[in-house]
Amino acid sequence: MTGRQALAEIFEPGHALDHIRLAREADVVVIAPATADLIARAAHGHANDLLTASLLATSAPVLFVPAMNDHMWAHPQTVRNVAHLRELGYRVLDPDDGPLAIGEGSGPGRMPEPDTIFAHLGRILESDNTLRGRRVLVTTGATREPVDPVRFISNHSTGKMGAAIAAAAWRRGADVTLIAGHTDVPLPGGPRVIRAETTEAMARAVAGEIAAADALIMAAAPADFTVKTPSASKMKREGGATSLDLVQTADILQAASGARKRGSVVVGFALETGDAAEGGAEKLRAKNVDMMVVNDQNEEGAGFGGDTNRVTLLSRDGKREELPLMLKTELAEELLDRIGALLNGS
Ligand code: CTP
C-alpha cells in the first residue's frame, strides 16, 4: 500500500472509528498551530470534530504549540484555558515573543520555531530519564576579551560540543542552564540560556549557578588572557600600540569545583596539543574535577569546529577510558551516561 493510499484509507469519509484509530496509533500528538479556539475546545472536552475527538480518545502525550494574536493569548479566558489544559497533564508551550501576522506587529503569540517543537518532542519521547529533576549547568563556546571597541582576543571554539550536551541533558529530563560565550551553532531550544561575552562574565554566571547545580560540564573555551586596559576608542594603525599588556583571567572550573554542592559531579575538558593524557591528568588534579574529557587538537577528527571528536576520559579514581571517534552528539550521550551513573551512585 502506498503512503497516499494509507492516508486515503485513514481519512476516508464515513469511518466512524477514525478518531479511535488515530488516537491509538500515535506515540505522541502535536498540535501546531494550536489556535485560541482549539485550546478552548480542548480545555472543555469537546469532541465534535476529528481532532478534539482524537484528543479524548488518545492516551499518548499531547503537545500544544499555541499561535495566535497577542491579545488573544493574553485574554483571561485563554489564560484560564491554558492553565486548565496544563492541570489536566497536557503540555502547552509558551508562544514566542516576536513578529505576528502581517500588519499585526510583534508580541507573545508567535508559534515557536520547528527546532523548539522538535526539542520538546525529543524530551517527551526520550526513554532515558536518569537526569529527570537534576540541575545541569553546561558552558559552551569561546569568550571574547576586548582589545578596543572593534577587536577582541578569542579562540576557535564553535560551541558545538556544549550545545550537544545541553540538548541531550534536557532531553533526558534535566533542568538545564546553558552559559554560552560566542558560538557558531544555534543553541538548543529547551535549556535556559545565559549569554556571557567575556571570561569574567562567564565566571560570574557560573558562580551564580554552581551552588544549586547537580552537575557542571565545562565545555566552554574561556580565553585565558584579557587585555589589562582595553582602549575606549578604536586603536589607529598609524602610531598605534604594537604590543598588548595581558593579564590572566580567572580559572572558572577551579573556582566552581571549590564552590559546588555536596554530591555533585564536575566535568572539565582539556584540549591539548602534546601528550594529551598527561596534560589532562594534571588538569584533573589541579582543577579538582570528577572527570576530564581529553582530546588532542592536532588529531584528525578531534578538537574545535568539526562534528566529531575522539576523546580519552580520565576519572578521579585514576580510571582511563579511550573512546573511539564519534559524532559530538554521540559523545554527549556517552558523557551523560557516565554523569548520570555518578549522580545515581552506580
Ligand atoms: N577553563 C576555565 N577557565 C579558564 C580556562 C579554562 O574554567 N579561564 C576550563 C575549560 O572550560 C576546560 C578546562 O578548564 O573545561 C581546561 O581548559 P584548558 O584550556 O585545556 O586548560 P587551561 O587551564 O586553560 O590550561 P592551558 O590552556 O594552559 O593548557
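For the structure itself, consult the block above.
Described in the following lines is the structure provided in the data block. (Residues numbered from 1 in each chain as written. Predicted model: local features only at pLDDT ≥ 70, side-chain atom pairs only at ≥ 80, totals over all residues. Heavy atoms only, no water.)

### With respect to the packing of aromatic side chains
When we look at a pair of aromatic rings, we describe it by the centre distance and by the angle of the planes. Our working rule: Pairing of aromatic side chains requires ring centres within 6.5 Å, counting the rings of Phe and Tyr and the six-membered ring of Trp. Pairs whose planes differ by under 30 degrees are stacked, by over 60 edge-to-face, and all others tilted. Under the DSSP-based scheme used, a helix requires at least four consecutive residues in state H or I and a strand at least two consecutive residues in state E, with every element numbered from the N terminus. Remark: exposure states derive from per-residue accessible area (1.4 Å probe, protein chains only) relative to the maximum for the residue type, with buried under 20%, exposed over 50%, and partly exposed in between. We call a charge positioned above a ring when the Lys NZ or Arg CZ atom is no farther than 6 Å from the ring centre and deviates by at most 35 degrees from the ring normal.
Per the stated rule, a full pass over the model turns up 1 aromatic pair. Here the aromatic rings of Phe64 and Tyr90 are separated by 5.4 Å at their centres, their planes lie at 85°, and the arrangement is edge-to-face. On the criterion of sequence distance, the pair formed by Phe64 in strand S2 (residues 62-66) and Tyr90 in the loop between helix H6 (76-87) and strand S3 (91-92) is long-range, its members being 26 residues apart. Judged by relative accessible area, Tyr90 falls into the buried class, the value being 17%. Here the basic side chain of Arg123 rests over the ring of Trp170, its NZ or CZ set 4.4 Å away from the ring centre.

### Section: the side chain of Thr52
What counts here: In protein, a polar contact requires one atom able to donate a hydrogen and another able to accept it; more generally it is a pair of N or O atoms within 3.5 Å, and residues adjacent in sequence count only if both atoms are side-chain atoms. We call two residues in contact when some of their heavy atoms are within 4.5 Å.
Topologically, Thr52 is positioned in helix H4 (residues 50-57). Judged by its relative accessible area of 1%, Thr52 is buried. A polar contact of 2.5 Å, which involves the side chain of Thr52, links it to the side chain of Asp49. Leaving out residues up to four positions away in the same chain, Thr52 has contacts with Leu38, Arg41, His46 and Ala47.

### Section: the site of the ligand
The following threshold applies: We call a residue near a molecule or strand when any one of its heavy atoms sits within 4 Å of it. Values of accessible area rely on a 1.4 Å probe in the Shrake-Rupley scheme; residue burial ignores everything except the protein chains shown. Under the scheme applied, nonpolar residues are Ala, Val, Leu, Ile, Met, Phe, Trp, Tyr, Cys and Pro; charged residues are Asp, Glu, Lys and Arg; polar residues are all the others, including Gly.
Taken together, 15 residues sit near the ligand, with Ala220, Leu253, Phe269, Lys283 and Lys287 positioned nearest. At 2.7 Å, a backbone N or O of Leu253 approaches an oxygen atom of the ligand. Contacts to the ligand include Phe269, whose backbone N or O atom sits 2.9 Å from an oxygen atom. Starting from 570 Å² of accessible surface for the ligand in isolation, the protein chains cover 75%. Mapped by element, the contributors of at least two residues to the shell around the ligand are helix H10 (252-259), strand S14 (265-272) and helix H11 (276-287). Considering each element in turn, the shell around the ligand owes the most residues, 4 residues, to S14. Here the shell around the ligand is built from residues that sort into 9 nonpolar, 2 polar and 4 charged.

### Regarding the environment of Pro95
Relative to the helices and strands, Pro95 is located in the loop between S3 and strand S4 (96-99). For the pair Pro95 and Ala277, spaced 182 residues apart in sequence, the C-alpha separation works out to 47 Å. With sequence-adjacent residues up to four places away left out, Pro95 is seen in contact with Pro66, Trp73, Pro108, Gly109, Arg110 and Pro112.

### Here's the deal with the sheet that holds strand S17 (residues 312-315)
Defined as follows: Paired strands, in this sense, are two strands between which DSSP finds at least two bridges. Here the axes come from fitting lines to C-alpha atoms, over the contacting stretch only for helices, and the angles between their N-to-C directions go from 0 to 180 degrees.
Strand order across the open sheet formed by 8 strands is S10-S9-S6-S11-S14-S15-S17-S18, with mixed pairing between neighbours. Sheet topology places strand S10 (192-195) and strand S18 (320-322) at the edges, where each strand pairs with a single neighbour. In this sheet, neighbouring strand axes are inclined to one another by 15° on average, regardless of whether the strands run parallel or antiparallel. As judged from the 6 bridges shared by S14 and strand S15 (residues 291-296), these two strands associate in the parallel manner.

### Description of the pattern of salt bridges
Rules: For this document, the term salt bridge refers to a Lys or Arg side-chain nitrogen within 4 Å of an Asp or Glu carboxyl oxygen.
Applying the stated criterion across every chain yields a total of 24 salt bridges. Between Arg172 and Asp128 there is a salt bridge, and its shortest N-O distance comes to 3.2 Å. Of this pair, Arg172 sits in the loop between helix H8 (160-171) and strand S9 (175-180) while Asp128 sits in the loop between helix H7 (114-125) and strand S6 (135-140), and the two are 44 residues apart along the sequence. Arg310 is the salt-bridge partner of Glu299, the closest N and O atoms lying 2.6 Å from each other. On the criterion of sequence distance, the pair formed by Glu299 in the loop between S15 and strand S16 (308-309) and Arg310 in the loop between S16 and S17 is long-range, its members being 11 residues apart.

### What about the pairing of S17?
Along any regular strand, the residues point their side chains to alternate faces of the sheet. Two elements, S15 and S17, share 4 bridges in a ladder whose sense is antiparallel. Residue pairing across strands places Val294 opposite Thr312, the latter belonging to S17. Pairing geometry for S17 and S18, over 3 bridges, is antiparallel. Bridging from a neighbouring strand, Leu313 pairs with Glu321 of S18. Between S17 and S18, which pair antiparallel in sequence order, lie 4 residues; one of them, Gly318, sits at a positive phi of approximately 95°.

### Regarding a nonpolar patch on the surface
Selection rule: Think of a patch as exposed residues, more than 30% relative accessible area, with no salt bridge, where like charges cluster within 9 Å and nonpolar side chains (Val, Leu, Ile, Met, Phe, Trp, Tyr) cluster within 5 Å.
Together, Phe225, Leu244 and Leu246 give the surface a local cluster of nonpolar side chains, amounting to about 260 Å² of exposed area. Following the sequence through the fold, Leu246 ends up in strand S13 (residues 246-248).

### Details of the sheet that holds S2
Pairing is parallel in the open sheet, where 3 strands are placed in the order S1-S2-S3. The open sheet is flanked by strand S1 (29-34) and S3, the only strands paired with a single partner. Contacts from H7 reach S1, S2 and S3, with the element oriented near 165° to S2.

### Some details on unusual backbone geometry
Here the residue pair Ala32 and Pro33 is connected by a cis peptide bond, since its omega of 0° sits within 30 degrees of zero. For Pro33, the location among the structural elements is in strand S1. The backbone of Asn288 sits at a positive phi, close to 55°, despite the residue not being glycine. Relative to the helices and strands, Asn288 is located in the loop between H11 and S15. For Asn288, a relative accessible area of 35% gives the class partly exposed.

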